Amino acid sequence: SQTIHQWPATLVQPVGSPLSLECTVEGTSNPNLYWYRQAAGRGLQLLFYSVGIGQISSEVPQNLSASRPQDRQFILSSKKLLLSDSGFYLCAWRGRFGSPLHFGNGTRLTVT
Amino acid sequence: AQSVTQPDIHITVSEGASLELRCNYSYGATPYLFWYVQSPGQGLQLLLKYFSGDTLVQGIKGFEAEFKRSQSSFNLRKPSVHWSDAAEYFCAVGSQSGGSYIPTFGRGTSLIVHP
């Protein structure tokens, strides 16, 4: 069966520090991959999605970036964190068209 | 562009009472529709999905949802709520955009269950 792993679970970083969040999927090939951010009391904001290795689409202009170095690996990065980057980050994958998204357990990021 | 509206930010019910969470969508064609549940500090778990066919779909944990095209709605129901159902619920619609599949989520409804 397919599983998705996301780490770390929690992270506290100072303003201006770099960020790297990692997500990997097992048990499937060529998944569509997504990064979402969820601010407190708000819905999900799509940040990036990828349909294949090296193919990244950005939905929201900001100081975050994403990369997909391998088929089942999706990385969210920042060179310098802002206070506004605090939130709950969720990685998700999807198989064939129309199938639902499957989410990881999320990373709680606090920028201090 | 597609959109999803969950008009209720919070819903409070007593344990054992019935539940209905509302979801309205805007999409030109027949949409793919989903309901997810999120417990505090966790990711989203799929409750049920609608692609086509029978408009009443059954999901996990005793939930069901009914697709009503004429009302552009996909409301989630449960006949008897348990305390463990307290969580955040998200409705989502999926569509194709330029060869990519972009799901849109509602802002969520927080369910509070009183004993």
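Residues numbered from 1 in each chain as written. Chains lettered and ligands numbered in written order. Predicted model: local features only at pLDDT ≥ 70, side-chain atom pairs only at ≥ 80, totals over all residues. Heavy atoms only, no water.

Examining the pattern of salt bridges
Residues and elements named next belong to chain B.
Working step 1: Within the structure shown, the criterion is met by 6 salt bridges over all chains.
Working step 2: Ionic pairing is found between Glu 64 and Arg 77, a salt bridge with its closest N-O pair at 3.2 Å. Of this pair, Glu 64 sits in strand β8 (residues 64-68) while Arg 77 is found in strand β9 (residues 73-78), placing the two residues 13 residues apart along the sequence.
Working step 3: A salt bridge links Arg 77 to Glu 66; the nearest nitrogen and oxygen atoms lie 3.2 Å apart. Here Arg 77 is found in strand β9, whereas its partner Glu 66 is found in strand β8, with 11 residues between them in sequence.
Working step 4: On the basis of relative accessibility, which here comes to 22%, the residue Arg 77 falls in the partly exposed class.
Working step 5: Sharing partners across several salt bridges, the network here consists of Glu 64, Glu 66 and Arg 77. (Salt bridge = Lys/Arg side-chain N within 4 Å of Asp/Glu carboxyl O. Helix = DSSP H or I, 4+ residues; strand = E, 2+ residues; numbered from the N terminus. Buried < 20%, exposed > 50% of the residue type's maximum accessible area, 1.4 Å probe, protein only.)

Observations concerning the pairing of β9(B)
Residue and element names in this part refer to chain B.
Working step 1: Burial analysis of β9 places 5 of its 6 residues in the buried class, the great majority of the element.
Working step 2: Direction of pairing for strand β3 (residues 19-21) relative to β9: antiparallel, over a ladder of 3 bridges. Considered in β9, the bridge of Leu 19 is made with Lys 78.
Working step 3: Summarising the sheet, β8 and β9 pair through 5 bridges and their orientation is antiparallel. Within β9, the residue paired with Phe 67 across the bridge is Phe 74.
Working step 4: The hairpin formed by β8 and β9 contains 4 residues between the paired strands, and Ser 72 there has a positive phi angle of roughly 50°. (Pairing = 2+ DSSP bridges.)

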